[in-house]
Amino acid sequence: MYKRQALSQESARFNRGIVIAKLLVLLVFIFAGIGYINRDNWTPFVPTPPEGATFGTYGVGGILRGAAVVMFAYIGFDAISTVAQEASNPRFDVPVATIASLAICSVLYVAVGLVLTGLTPYTNLNVAEPIAVAVNAAGPSLYWLRVVVKLGAICGLTSVILTLIMGQSRIWYAIAADGLLPPVFARVHSRYKTPHIATCLTGIIAAVVAGL
């Protein structure tokens with residue numbers, strides 16, 4: 001079993017800073033957008049599917065489809081459990097961190113969704129950049145938010161990539177420790193006491209796939 005030392009602490013501090021910046025961006029968007037909400041955009045709150053539409057377009061089917069898609073966003077929370085060996089008190093830290101993360105993200109997700117659909121009709125949000133569309137719909141008074149939103153997107157992607165690379169390397173470490181992968185994946189750095197080869201290999205694969 002390896003123990004968290006310099007490299008993991010540096011990663012944790014870097015990731016903590018990015019996450020704080022990302023949360024601040026979301027909070028700024030929520031509180032800045034509240035004053036521009038048009039409640040007429042929430043009527044009907046559960047839109048009726050158009051005639052001839054397939055199941056899952058709008059209405060109850062759309063809610064179920066949306067919930068199924070959102071579920072994949074929550075898969076990332078299992079990354080917390082992959083670094084249990086590096087927690088000071090894993091019996092307490094891991095479950096508390098998992099539940100707290102789920103609770104905070106759920107509240108933020110609902111709040112952002114309400115502001116988004118309040119700023120512009122839901123039919124305009126089926127795009128790759130819904131927050132940018134909502135900010136533009138609010139008019140020139142919220143144009144300053146566009147730069148903030150871009151910063152939040154960069155921070156969000158960076159924190160997700162860092163967390164998943166770290167989590168994947170720890171998964172490979174555990175599998176190799178059980179003898180199901182070559183021992184090289186379980187090799188621990190002499191100074192930092194982390195699975196450095198698995199981490200580097202994960203980063204390289206992620207970079208190649210992203211680049212292609």
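Use the structure listed above.
Residues numbered from 1 in each chain as written. Predicted model: local features only at pLDDT ≥ 70, side-chain atom pairs only at ≥ 80, totals over all residues. Heavy atoms only, no water.

Caption draft 1: Expanded view of the nonpolar core. With 15 residues, the main nonpolar core has Phe-29, Ile-30, Leu-116, Leu-119, Val-135, Leu-142 and Leu-145 as its most contacted residues. Put simply, the parts of the chain that give this core at least two residues each are helix H1 (6-34), helix H4 (90-119), helix H5 (130-137) and helix H6 (145-177). Looking at this core, the element that brings in the most residues is H4, giving five residues. Discounting chain neighbours no more than four positions away, the residues touching Leu-145 are Val-28, Phe-29, Ala-32 and Val-135. (Core = buried A, V, L, I, M, F, W, Y, C linked by side-chain atoms within 4.5 Å. Buried < 20%, exposed > 50% of the residue type's maximum accessible area, 1.4 Å probe, protein only. Helix = DSSP H or I, 4+ residues; strand = E, 2+ residues; numbered from the N terminus. Contact = heavy atoms within 4.5 Å.)

Caption draft 2: Highlighting H6. Along its 33 residues, H6 runs 48 Å from first to last C-alpha, staying within 8% of the 48 Å computed at 1.5 Å per residue. Remark: Gly-179 follows H6 within two positions and exhibits a positive phi of approximately 85°. (Expected span 1.5 Å × (residues − 1).)

Caption draft 3: Quick peek at a nonpolar patch on the surface. Taken together, the side chains of Phe-45, Val-46, Phe-55, Val-60, Ile-63, Leu-64, Val-110 and Leu-114 define a hydrophobic patch exposed on the protein surface, amounting to about 830 Å² of accessible area. Elements that contribute at least two residues to the nonpolar patch include exactly helix H2 (59-73) and H4. Per-element accounting of the nonpolar patch gives the leading share, three residues, to H2. The partly exposed category is assigned to Val-46, whose relative accessible area is 40%. (Patch = residues over 30% accessible without salt bridge, like charges linked within 9 Å, V, L, I, M, F, W, Y side chains within 5 Å. Areas by Shrake-Rupley, 256 points an atom, 1.4 Å probe, with all protein chains shown as cover. Salt bridge = Lys/Arg side-chain N within 4 Å of Asp/Glu carboxyl O.)

Caption draft 4: Structural detail: the environment of Arg-146. Looking at the element boundaries, Arg-146 is found in helix H6. According to the relative accessible area criterion, Arg-146 is partly exposed, its value standing at 37%. In this structure Arg-146 touches Val-135 and Asn-136, once residues within four positions along its chain are discounted.

Caption draft 5: Summary view of the packing of H6 against helix H7 (residues 196-211). Close contact between H6 and H7 brings their axes to 8 Å; oriented N to C, the two are set at 130°. In terms of axis orientation, H6 runs oblique to H7. The way H6 lies across H7 gives a crossing that is right-handed. Between H6 and H7, the residues in contact are Ile-165, Gln-168, Ser-169, Arg-170 and Trp-172 and Ala-198, Thr-199, Leu-201, Thr-202, Gly-203, Ile-205 and Ala-206, respectively. Looking at the contact of H6 with H7 residue by residue, the classes come out as six nonpolar, five polar and one charged. (Axes fitted to C-alpha atoms, helices over the stretch in contact; angles between N-to-C directions. Parallel < 35°, antiparallel > 145°, perpendicular 65-115°, else oblique. Left-handed = near helix turned anticlockwise from the far one by under 90°. Nonpolar A, V, L, I, M, F, W, Y, C, P; charged D, E, K, R; others polar.)

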